[in-house]
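The lines below spell out each chain.
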Amino acid sequence: MERKLVYILREDFYDEWSWECGATNLIFVSHNLYDVVDKLKYYMQMELAEDKERILENLYGKTDVDDIITDTIELFCKNQQSVSIDVYTNKDNHNSGRNFGAFVIERFEVE
């Protein structure tokens, strides 16, 4: 029996009240991982265009958008359940580990 998977892309916010309230922006849902990853890339580029001080970083410490996208696909191919990319507003926050949010892709099996 073939597994039916669905992927969600969301943005979690961590600054001040948003962490306590669990603020999340649901961005995209699809059965196709590549559609979700394409949408992630689009939103990452929008984030960087919004403010040139922003830094996006993945699990491996990579900050290049194309490297992050490649790593994200590889992790899901290795059966990873979720992948997150931290969003920092500037270099000082990045260096102190204070991220203001994260893009998250999660995989779910549907019945």
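Shown above is the structure to which this text applies.
None of these values were measured; they are calculated from a predicted model. (Residues numbered from 1 in each chain as written. Predicted model: local features only at pLDDT ≥ 70, side-chain atom pairs only at ≥ 80, totals over all residues. Heavy atoms only, no water.)

So, about the overall build of the protein. From N to C terminus, the protein includes four helices and five strands. Reading the helices (α) and strands (β) of the protein from amino to carboxyl end gives β-α-β-α-β-α-β-α-β. Taking 13 Å as the expected radius of gyration for a compact globule of 111 residues, we find that the protein reaches 14 Å, a close match to that expectation. When its C-alpha atoms are laid out on the principal axes, the protein stretches across 50 × 30 × 20 Å. Classification of the 111 residues of the protein by burial places 39% in the buried group. Partitioning the intrachain contacts of the protein with sequence separation of at least 6 by distance along the chain shows that 57% fall at a separation of at least 24. (Helix = DSSP H or I, 4+ residues; strand = E, 2+ residues; numbered from the N terminus. Rg over C-alpha atoms; globule rule 2.2 N^0.38 Å. Buried < 20%, exposed > 50% of the residue type's maximum accessible area, 1.4 Å probe, protein only. Contact = heavy atoms within 4.5 Å.)

All right, on to the pattern of salt bridges then. Throughout the structure, instances matching the rule amount to six salt bridges. The residue Glu109 makes a salt bridge to Arg3 at a minimum N-O spacing of 3.4 Å. Here Arg3 lies in the segment before β1 (4-13) and Glu109 lies in strand β5 (residues 101-110), a separation of 106 residues in the sequence. One salt-bridge network, held together by shared partners, links Arg10, Asp12 and Glu106. (Salt bridge = Lys/Arg side-chain N within 4 Å of Asp/Glu carboxyl O.)

Our next topic: the sheet that holds strand β2 (residues 24-30). Spatially, five strands are ordered β2-β1-β5-β4-β3 in an open sheet, and the strand pairing comes out antiparallel. Of all the strands in the sheet, just β2 and β3 (55-57) have a single pairing partner and so form its edges. The average angle at which neighbouring strand axes cross in this sheet is 20 degrees, direction not considered. Relative to strand β4 (residues 82-88), β3 runs antiparallel, the two being bridged by three bridges. (Pairing = 2+ DSSP bridges. Axes fitted to C-alpha atoms, helices over the stretch in contact; angles between N-to-C directions.)

Bringing the packing of helix α2 (residues 33-50) against helix α3 (residues 65-77) into the picture now. Direction vectors running N to C along α2 and α3 enclose 155 degrees, while the axes themselves pass 10 Å from each other. In terms of their interaxial angle, α2 and α3 are classed as roughly antiparallel. Taken as a pair, α2 and α3 cross one another with a handedness that is right-handed. Across the interface between the two elements, Leu33, Tyr34, Val37, Leu40, Lys41, Met44, Gln45 and Leu48 of α2 pack against Val65, Asp66, Ile68, Ile69, Thr72, Ile73 and Phe76 of α3. (Parallel < 35°, antiparallel > 145°, perpendicular 65-115°, else oblique. Left-handed = near helix turned anticlockwise from the far one by under 90°.)

Bringing the packing of aromatic side chains into the picture now. Under the definition given, this model contains two aromatic pairs. Measuring from ring centre to ring centre gives 5.6 Å for Tyr7 and Phe76, while their planes differ by 90 degrees; the resulting arrangement is edge-to-face. Of this pair, Tyr7 sits in strand β1 while Phe76 sits in helix α3, and the two are 69 residues apart along the sequence. Each member of the pair, Tyr7 together with Phe76, is buried. Ring geometry for Tyr42 versus Tyr43: centroids 5.4 Å apart, planes at 85 degrees, classification edge-to-face. (Phe/Tyr/Trp six-rings, centres within 6.5 Å; stacked < 30°, edge-to-face > 60°.)

Further remarks concern unusual backbone geometry. If you check the backbone angles, Asn79 has positive phi at about 75 degrees while not being a glycine. Inspection of the secondary structure assignment puts Asn79 in the loop between α3 and β4.

Quick look at α3 now. Between its terminal C-alpha atoms α3 stretches 19 Å, which fits the 18 Å expected from 13 residues at 1.5 Å a residue. Within α3 the residues assigned to the buried category are Val65, Ile68, Ile69, Asp71, Thr72, Ile73, Leu75 and Phe76. Buried positions along α3 lie against β1, α2, β3, β4 and β5. Between the side-chain oxygen of the N-cap and the backbone nitrogen of Asp66 there are 3.2 Å, and the N-cap of α3 in question is Asp64. Looking one or two places after α3, you find Asn79, whose phi comes out positive at around 75 degrees. (Expected span 1.5 Å × (residues − 1). Polar contact = N/O pair within 3.5 Å; in protein donor to acceptor, adjacent residues only side chain to side chain.)

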